[in-house]
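In case you want the letters, here they are:
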Amino acid sequence: MRIFLDTANVDEIRQAAKLGVISGVTTNPSLVAKEKREDMKAVIQEISSIVDGPISAEVLSLEPEAMIQEAREVSSWSPNVVVKIPISASGLEAISVLSKERVKTNLTLCFSLNQALLGAIAGATYISPFVGRLDDIGHDGMQLVSEIVEVFDRYKLPSQVIAASIRHPLHVSVAAQAGAHIATVPYTVLMQMIKHPLTDIGISRFAEDWRSIQK
Ligand code: G3P
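Along each chain, residue indices are assigned from 1 in the same order as the chain's sequence is written. For a predicted model such as this one, the threshold for reporting local features is a pLDDT of at least 70, and the threshold for listing and counting side-chain atom pairs is 80 or more; totals across whole chains, interfaces and linings nevertheless cover every residue. Derived side-chain values reflect all non-hydrogen atoms in the structure, with water molecules and hydrogen atoms excluded from consideration.

Asker: Before we move on, could you go through the sheet that holds strand 7 (residues 160-163) and cite the residues and values that matter?
Answerer: Remark on secondary structure: sheet strands pair via backbone hydrogen bonds, oriented parallel or antiparallel. Within the closed barrel, the eight strands sit side by side as 1-2-3-4-5-6-7-8. Their pairing is parallel. The sheet shows a mean angle of 25 degrees between the axes of neighbouring strands, taken without regard to direction. Where strand 7 lies against strand 8 (residues 182-185), two bridges are found, and the strand directions are parallel. Paired with A163 across the bridge in strand 8 is A183. Paired strands are those between which DSSP finds at least two bridges. Secondary structure elements follow DSSP: runs of H or I no shorter than four residues count as helices, runs of E no shorter than two count as strands, and numbering proceeds from the N terminus. Every axis in this analysis is a line fitted to C-alpha atoms, fitted for helices over the stretch in contact. Angles between the N-to-C directions lie between 0 and 180 degrees.

What follows is the structure in structure tokens.
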């Protein structure tokens, strides 16, 4: 199980990288826009200079040929770039062409087992089920992660599952138990994962007990 950071904020990425627990980064157009950065290429290249692992950057084209051209351009930004492609007929066509060119892809906006299956068969390197957005509409997002992992295992499909749209630490624990290869988490969730109230109490008690015997 690996942890990616789901953000386009380079300060957060720098902080998280110091912890030695982040092995990749995922972005999307909304996350880049949130940082008020207009130059996607500059952001992705900056992130690549901080993190050695896979960095997902999303294409915005909707037609297959344009998507493929854009993906080739995006993948040339840095050797560790993974091209994020939304599931659609165009997206599948693009993934199948790009996988033959060994361009790494991440099928995004995945909300069903069938979408995941098609992405894996087309040759996507990663499949990103959006857990939180399914929970938001009253579905069980983590159930989808379990189903995808089970089916990929059964048929030995090599695509890796990224539990995405993670909203809280419990999502990460359950994704790990479900066998997701990766959880991509916002910085705030990463910080929450570190904390436990009993750890804080334990640290203060150790310090107090030690102080109590100092002359
Ligand atoms: O990795 C996908 C993620 O960026 C979507 O998260 O919170 O916008 O549903 P959210």
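Next comes the rest of the write-up.
Asker: Lay out the side chain of S165 in plain terms, naming residues and giving numbers.
Answerer: Here S165 shows up in the loop between strand 7 and helix 9 (169-178). The classification of residues rests on relative accessible area computed with a 1.4 Å probe and restricted to protein chains. Under 20% of the type maximum is buried, over 50% is exposed, and intermediate values are partly exposed. On the accessibility criterion, S165 (10% relative accessible area) is buried. Polar contacts here mean pairs of N or O atoms no more than 3.5 Å apart (in protein, one a potential hydrogen donor and the other a potential acceptor; neighbouring residues in sequence count only if both atoms are side-chain atoms). At 3.1 Å, the side chain of S165 and the backbone nitrogen of R133 are in polar contact. Leave out the neighbours within four places in its chain, and S165 touches F130, V131, G132, R133 and H171. Contacts are assigned to residue pairs that have any heavy atoms within 4.5 Å of one another.

Asker: So what's going on with the site of the ligand? Residues and values would help.
Answerer: To be near a molecule or strand, a residue needs just one of its heavy atoms within 4 Å of it. Taken together, the neighbourhood of the ligand is formed by D6, N28, L31, K84, F130, R133, A164, S165, R167 and T184. In this structure, an oxygen atom belonging to the ligand sits 2.8 Å away from a side-chain N or O atom of D6. Between the ligand and the protein, one listed contact pairs an oxygen atom with a side-chain N or O atom of S165 at 2.7 Å. Only the protein chains shown count as cover for residues, with accessible areas throughout obtained via the Shrake-Rupley method and a probe of 1.4 Å. Taking 310 Å² as the accessible area of the ligand by itself, protein coverage stands at 82%.

Asker: Talk me through the packing of helix 6 (residues 113-122) against helix 8 (residues 141-154); I want residue IDs and the actual numbers.
Answerer: Relative orientation of the contacting elements helix 6 and helix 8 amounts to 40 degrees, with a least axis distance of 10 Å. By the angle class used here, helix 6 and helix 8 are oblique. Between helix 6 and helix 8 lies a crossing of right-handed hand. Across from L113, A116, L117 and A120 in helix 6, the residues of helix 8 making contact are L144, E147, I148, V151 and F152. For this classification, under 35 degrees means roughly parallel, over 145 means roughly antiparallel, 65 to 115 means roughly perpendicular, and everything else is oblique. Should the near helix be turned anticlockwise from the far one by less than a right angle, the crossing is termed left-handed; should it be turned clockwise, right-handed.

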